[in-house]
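# Close look at the chain arrangement
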Amino acid sequence: MVSCCRVALLGFGTVGSAVARCLTSRPGDFQLTHILDRGADRKRSALPAPGVAWTTGMDEVLRGDAHVVVEAIGGIEPAAGWIRAALLAGKSVVTANKQVMARHGASLLTLAARQGRQLRFEAAVGGAMPIVRALGDGLAGDRITRIVAILNGTTNAVLSCMEASGCSLHDALADARARGLAESDPSADLDGDDAAAKLAILCALAFGLRVDPSQIDTRSSADITAHDLARARAAGGAIRQIAHAEYDRDTATLTAWVAPIVVPRGSIFASATGAQNAALITGEHSGETGIFGTGAGGSATAVAIMSDLAAIARDRAAILPAPVLSSPELILGSTTLNAELAEHAENDLLCGLSGLCVDRRPYAEVV
Ligand SMILES: NC(=O)c1ccc[n+]([C@@H]2O[C@H](COP(=O)([O-])OP(=O)(O)OC[C@H]3O[C@@H](n4cnc5c(N)ncnc54)[C@H](OP(=O)(O)O)[C@@H]3O)[C@@H](O)[C@H]2O)c1
């Protein structure tokens, strides 16, 4: 590190409090200057760190001397507005916010480049699984054609718990809540909306496409029963919520969906249990690259944020190029799944899509 990097933190919840503990345990590299939270008075005793200013006012953060603002409050507003304000105030930003990055990522990254500052967002997709870096850096030299991934740790924890214990979805959810892996309202996780927002971010990174999360077809996992999982098991599979995106550049056609489907027991996806995430990325020249990691939880997500902070601290002058995004001509959803399966009607279980295995019967009959 060149010199101590000063950091202001927005949000002292699951992720923010874990980041605060990391920052205060590395005093040589980072200095935590501010914590903004609407419960600042109530929460300040949870972090005995003298020298940290607790506040409820964003103006105080903007006037402060932090080099970087970490946004961990969640939601679209005021988070997006505060990220914009921090960039305009000359600060770099690290965010864990998939909703903001899926909807406003391109304009915020453009603003960051114009301001000569950085906006990093590894924590917004996959928690500690470094898929943003994999697509943005490691595989940037290839033309990515397909991403198949588990992107929602809550749903994965619920489905793998049902699979292991034979319990109901209701009981698996209670277990996930008790372990801090599910919120009181898990509908955005189970219905696929959370994974769709993350998939939209990945479509921008991998294919250079502007996709609104609402354009991505989602099928809910909320109706899956222990019986469905037992049937999948008997057929040599497991049920996982899979996010799938594939881009045909010749026809500018994007196929994108999030749905619970049957995957083979030996696959990287069936191996992901609890809050784990997994992804298989296919490139024209590199073939398949797999990544696997902890997709949720305060400590795991804080790792992704700390890695982004370390990258900024290493080179504060680096400017990340703003993305140039185009819109796909056509977006197809999960109906293509059934059409593809119909072509392989001779197989009970179709193994294709790089080890992804789906039942040939229409989706509604499968789960
Ligand atoms: N939790 C995970 O495993 C995980 C993983 C990856 C990414 N993320 C992302 O990380 C972000 C934070 O998630 P989280 O789980 O840490 O949420 P959280 O536990 O609800 O924490 C958010 C914190 O910000 C505060 N806050 C919310 N809105 C505010 C506002 N307008 N002004 C001031 N304070 C405000 C909340 O206060 P109250 O306590 O009063 O609500 C809370 O302390 C989200 O974007 C989420 O998608 C989370």
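The rules we used
- Residues numbered from 1 in each chain as written.
- Predicted model: local features only at pLDDT ≥ 70, side-chain atom pairs only at ≥ 80, totals over all residues.
- Near = placed C-beta within 6 Å.
- Helix = DSSP H or I, 4+ residues; strand = E, 2+ residues; numbered from the N terminus.
- Nonpolar A, V, L, I, M, F, W, Y, C, P; charged D, E, K, R; others polar.
- Core = buried A, V, L, I, M, F, W, Y, C linked by C-beta atoms within 7 Å.
- Buried ≥ 20, exposed ≤ 12 C-beta atoms within 10 Å, placed from the backbone.
- Domains from an automatic or database assignment.
- Contact = placed C-beta atoms within 7 Å.
- Axes fitted to C-alpha atoms, helices over the stretch in contact; angles between N-to-C directions.
- Parallel < 35°, antiparallel > 145°, perpendicular 65-115°, else oblique.
- Pairing = 2+ DSSP bridges.

On to the site of the ligand, then. Around the ligand there are 21 residues in total, and Gly11, Gly13, Val15, Gly74 and Ala96 lie nearest to it. Here the shell around the ligand gets 3 residues from one element, more than from any other, and that element is helix α1 (residues 14–24). Within the shell around the ligand, the residues separate by chemical class into 8 nonpolar, 10 polar and 3 charged.

With that out of the way, let us pick up the nonpolar core. Ranked by size, the top nonpolar core spans 118 residues in total, and within it Val7, Leu199, Leu202 and Cys203 carry the most contacts. A total of 12 residues in this core trace back to one element, the largest contributor, which is helix α10 (residues 193–207). Mapped onto the domain boundaries, this core takes at least three residues apiece from domain 1 (5–120 + 298–314) and domain 2 (131–295 + 334–366). Residues within four places of leucine 202 in sequence aside, it is in contact with Val125, Ile131, Leu135, Ile147 and Ala245.

Further remarks concern the domain arrangement of the protein. Assigned domains within the protein: domain 1 (5–120 + 298–314) and domain 2 (131–295 + 334–366). Each of domain 1 and domain 2 has a C-alpha centre, and these two points are 30 Å apart. Contact residues are listed per partner, giving 7 residues for domain 1 and 8 residues for domain 2. When residues of the side of domain 1 that touches domain 2 are assigned to their parent elements, the largest contribution, 6 residues, is made by helix α5 (residues 98–115).

Right, let's talk about the packing of helix α4 (residues 79–88) against α5 for a bit. It is the contact of α4 with α5, at a shortest axis distance of 10 Å, that shows an interaxial angle of 10°. Classed by the angle they form, the pair α4 and α5 counts as roughly parallel. Here α4 contributes Ala79, Ala80, Ile83, Arg84, Leu87 and Leu88 to the contact with α5, which in turn contributes Val100, His104, Leu108, Leu111, Ala112 and Gln115. The residue makeup of the contact of α4 with α5, split by class, is 9 nonpolar, 2 polar and 1 charged.

This next bit is on the pairing of strand β2 (residues 30–36). Most of β2 sits inside the fold, with 6 of its 7 residues counted as buried. The sheet contact formed by strand β1 (residues 5–10) and β2 spans 6 bridges and is parallel. In the sheet register, arginine 6 faces β2, and the bridge partner there is glutamine 31. Summarising the sheet, β2 and strand β3 (residues 53–55) pair through 3 bridges and their orientation is parallel. What sits directly across from histidine 34, in β3, is alanine 53.

With parallel pairing, the 6 strands of this open sheet are ordered in space as β3-β2-β1-β4-β5-β6. What marks the edges here is a single partner per strand, and that holds for β3 and β6 (119–120). Relative to strand β4 (residues 68–71), β1 is paired through 4 bridges, and the arrangement is parallel. Following the sheet pairing, alanine 8 is matched in β4 by valine 69.

Let's shift gears to α1. Within the sequence span of α1, burial applies to Val15, Gly16, Ser17, Ala18, Val19, Ala20 and Leu23. Lining the buried residues of α1 we find β1, β2, β4 and α13 (298–314).

In this fold, leucine 151 is placed in the loop between β7 (144–150) and α7 (153–165). On the basis of neighbour counts, which here come to 30 C-beta atoms within 10 Å, the residue leucine 151 falls in the buried class. Between the alpha carbons of leucine 151 and alanine 296 there is a distance of 9.5 Å; along the sequence they are 145 residues apart. Among residues more than four places away in sequence, those in contact with leucine 151 are Val125, Gly126, Ala195, Lys198, Leu199, Ala243, Asn277 and Gly295.

Turning to unusual backbone geometry, a few remarks are in order. In the segment running from glutamate 77 into proline 78, the intervening peptide bond is cis, with an omega of 10°. Along the chain, proline 78 turns up in the loop between β4 and α4. Positive phi is not limited to glycine here, since alanine 252 has a value of about 50°. Mapped onto the secondary structure, alanine 252 falls in the loop between β9 (237–248) and β10 (253–264).

Before going further, it helps to spend a moment on the pairing of strand β12 (residues 287–294). As paired elements, strand β11 (residues 276–283) and β12 share 8 bridges and run antiparallel to each other. In the sheet register, isoleucine 281 faces β12, and the bridge partner there is threonine 289. What sits between the antiparallel neighbours β11 and β12 is a turn of 3 residues.

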